Structures are given as structure tokens and as C-alpha cells.
Amino acid sequence: MAGKVVIGSDHGGFTLKTFAIKLLTDMGYDVVDAGPEEAVSCDYPVYAKKVAEMVTGEDIPGILICGTGLGMSMAANKIKGIRAAMCTNEYMAKMARAHNNANILCLGERVIGPGLAEEIIRAFMTSEFEGDRHLRRINLFDK
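J.: Explain the state of the cysteines residue by residue, including any values.
T.: Under the defined criterion, the tally for this structure stands at zero disulfides. Here C42 stays unpaired: no disulfide links it, and the sulfur of C66, its closest cysteine neighbor, is 10 Å away. The thiol sulfur of C87 is not disulfide-bonded, and the nearest other cysteine sulfur, from C106, lies at 8.1 Å. Residue class for C87 comes out buried when judged on its relative accessible area of 2%.

J.: So, the environment of E118: which residues are in play, and what are the values?
T.: Its place among the elements puts E118 in helix α5 (residues 114-126). In this structure, the C-alpha to C-alpha distance between E118 and L24, residues 94 residues apart in sequence, is 9.2 Å.

J.: Now, about the pairing of strand β3 (residues 62-66): what can you tell me, with residues and values included?
T.: Taken across its five residues, β3 has five buried, putting it largely inside the fold. Burial along β3 is two-sided: the face carrying G62, L64 and C66 and the face carrying I63 and I65 are both buried. Pairing of strand β1 (residues 3-9) with β3 involves four bridges; the strand directions are parallel. Bridge pairing links I7 to I63 in β3. Summarising the sheet, β3 and strand β5 (residues 104-108) pair through five bridges and their orientation is parallel.

J.: Before we move on, could you go through the layout of surface pockets and cite the residues and values that matter?
T.: Volume-wise, the largest pocket comes out at about 190 Å³. Taken together, 13 residues make up the lining of the largest pocket; nearest its centre are D59, R97, N101, A102 and N103. The residue inventory of the lining of the largest pocket, partitioned by class, reads five nonpolar, four polar and four charged.

J.: How would you sum up the pattern of salt bridges? Please name residues and give values.
T.: Scanning all chains against the criterion turns up five salt bridges. Note that K4 is salt-bridged to E58, the shortest N-O span being 2.7 Å. Remark: E58 occurs in helix α2 (residues 44-58) and K4 occurs in strand β1; sequence separation between them is 54 residues. Here E118 makes a salt bridge to R122, at a shortest N to O gap of 3.1 Å. Linking E118 with R122, this pair stays in helix α5, spanning four residues, or about one helical turn.

J.: Can you lay out the packing of helix α4 (residues 90-98) against α5 for me, pointing to particular residues and giving the numbers?
T.: One can describe the packing of α4 onto α5 by two numbers: an axis separation of 8 Å at closest approach and a directional angle of 20 degrees. The orientation of α4 with respect to α5, classified from their angle, is roughly parallel. Of the two elements, α4 crosses α5, and the hand of that crossing is right-handed. Taken together, the residues of α5 that come into contact with α4 (itself represented by E90, A93, K94 and R97) are L116, E119, I120, A123 and F124. Split into classes, the residues belonging to the contact of α4 with α5 amount to five nonpolar, no polar and four charged.

Scoring rules and cut-offs
Residues numbered from 1 in each chain as written. Predicted model: local features only at pLDDT ≥ 70, side-chain atom pairs only at ≥ 80, totals over all residues. Heavy atoms only, no water. Disulfide = S-S within 2.5 Å. Buried < 20%, exposed > 50% of the residue type's maximum accessible area, 1.4 Å probe, protein only. Helix = DSSP H or I, 4+ residues; strand = E, 2+ residues; numbered from the N terminus. Pairing = 2+ DSSP bridges. 1 Å grid on protein atoms, 1.4 Å probe; cavity = no way out; pocket = protein on both sides within 12 Å on 5 of 7 lines; lining within 4 Å. Points joined across faces, edges and corners; volume = space filled by probe spheres on them. Nonpolar A, V, L, I, M, F, W, Y, C, P; charged D, E, K, R; others polar. Salt bridge = Lys/Arg side-chain N within 4 Å of Asp/Glu carboxyl O. Axes fitted to C-alpha atoms, helices over the stretch in contact; angles between N-to-C directions. Parallel < 35°, antiparallel > 145°, perpendicular 65-115°, else oblique. Left-handed = near helix turned anticlockwise from the far one by under 90°. Contact = heavy atoms within 4.5 Å.

This is the structure we're talking about:
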């Protein structure tokens, strides 16, 4: 098993969330779906908070998906200890982990398709934090 990951969305990201759950499961991850259970209108801050609290409480990565990824990243970053990164390509996802130690990946279903989402998720989930000079910088904004 590759480890645990928690995922959530709103109605605007529900279809991509369903795709991501299958992808992550196929990659060997134990996926915790924080909701919603169906694609009905809902408030993204509720799911951003739920996932963020699970990520900080268990020190596991998370993925949040809404229409653009922007709302989820803004809401998640309000939670202490969260470094949520909205990524639109693989390089951003890799650097979010490697240089910024991001613990939540935010995606926009209306911005990217499943093929690109797969590459972004793979890059995020397989990249490691490099520490060193990057840790010093992260410590400056985590205070």
C-alpha cells in the first residue's frame, strides 16, 4: 500500500474527484473520501475544512477539487498547518511538494481534464519535500 490520502470536492469538482479516487486506488493508495457523496450543490469551504483538518490531524496528503481549484485553496489555507497549492500542470505539483512542502493539492475540474489531472496527481503524490533551504523559508510563513 502506498499510504493514505484524503480527498474532497464540491459539486463543481465531483466528477474529477470520482476519477481521482479510482486513479489513487489503482496507484495503491488507501483513499478516504470526505465527500460529498453526490454532485448536488454544496459549499466548498465545508469540504475544504473537513479535508484540511484530516490532513493536519493525521499528517497525510490531501486533494481538494472544485470548479477552478481557487476557492478550495483559499478555504483550506485558512486552516493552521495547511499549505494547499492549486496546480494546473505537473511542474507546479512537483515544486509545490519539493520546495513548498504542500500537503494539499487543489485542482479545478473546469480548468483541466482527466488526462492532465492524472499527471498532476501523479507528480504531487510521488514528489518529496527537499527540505534544507526550503524549510527555512516555509518556517517564515508558518509562524
